[in-house]
Amino acid sequence: MKLAQAYRFELDPNDVTTGALASHVGADRFAYHGGLALVKGRLGQRARVREQAVVEGLCAREAEALANTVAVPWTLASLR
């Protein structure tokens, strides 16, 4: 039988450390929202390409293949 033990810690930062933590949280939110905007923009671009291809008379499979030429960054490395 395995026993897992957890520890709970509470931070008690001073004013300087509180400012640094807040700065890191703000940078994290900025990076997250930037990546989210990039992915949503690329997905929207794919949808526009797909729709335009269907309007021009391509079949659904060809339109999907054309839309897949728009690269969507899903991994952390590609988002960087």
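Here the structure is a predicted model, which is why all the values come from computation and not from measurement.

(A) Expanded view of the layout of surface pockets. When its volume is computed, the largest pocket comes out at roughly 170 Å³. Lining the largest pocket are Ala31, Tyr32, Gly34, Gly35, Leu76, Leu79 and Arg80. Put simply, the parts of the chain that give the lining of the largest pocket at least two residues each are α1 (15-55) and α3 (76-79). With 4 residues, the top contributor of residues to the lining of the largest pocket is α1.

(B) Molecular detail of the side chain of arginine 46. Mapped onto the elements of the fold, arginine 46 is located in helix α1. One buried charged side chain, arginine 46, makes no salt bridge at all; its nearest oppositely charged neighbour is glutamate 64, positioned 5.7 Å away. Leave out the neighbours within four places in its chain, and arginine 46 touches Ala67, Asn68, Val70 and Val72.

Cut-off values and rules
Residues numbered from 1 in each chain as written. Predicted model: local features only at pLDDT ≥ 70, side-chain atom pairs only at ≥ 80, totals over all residues. Heavy atoms only, no water. 1 Å grid on protein atoms, 1.4 Å probe; cavity = no way out; pocket = protein on both sides within 12 Å on 5 of 7 lines; lining within 4 Å. Points joined across faces, edges and corners; volume = space filled by probe spheres on them. Helix = DSSP H or I, 4+ residues; strand = E, 2+ residues; numbered from the N terminus. Buried < 20%, exposed > 50% of the residue type's maximum accessible area, 1.4 Å probe, protein only. Lys, Arg positive; Asp, Glu negative; His and termini not counted. Salt bridge = Lys/Arg side-chain N within 4 Å of Asp/Glu carboxyl O. Contact = heavy atoms within 4.5 Å.

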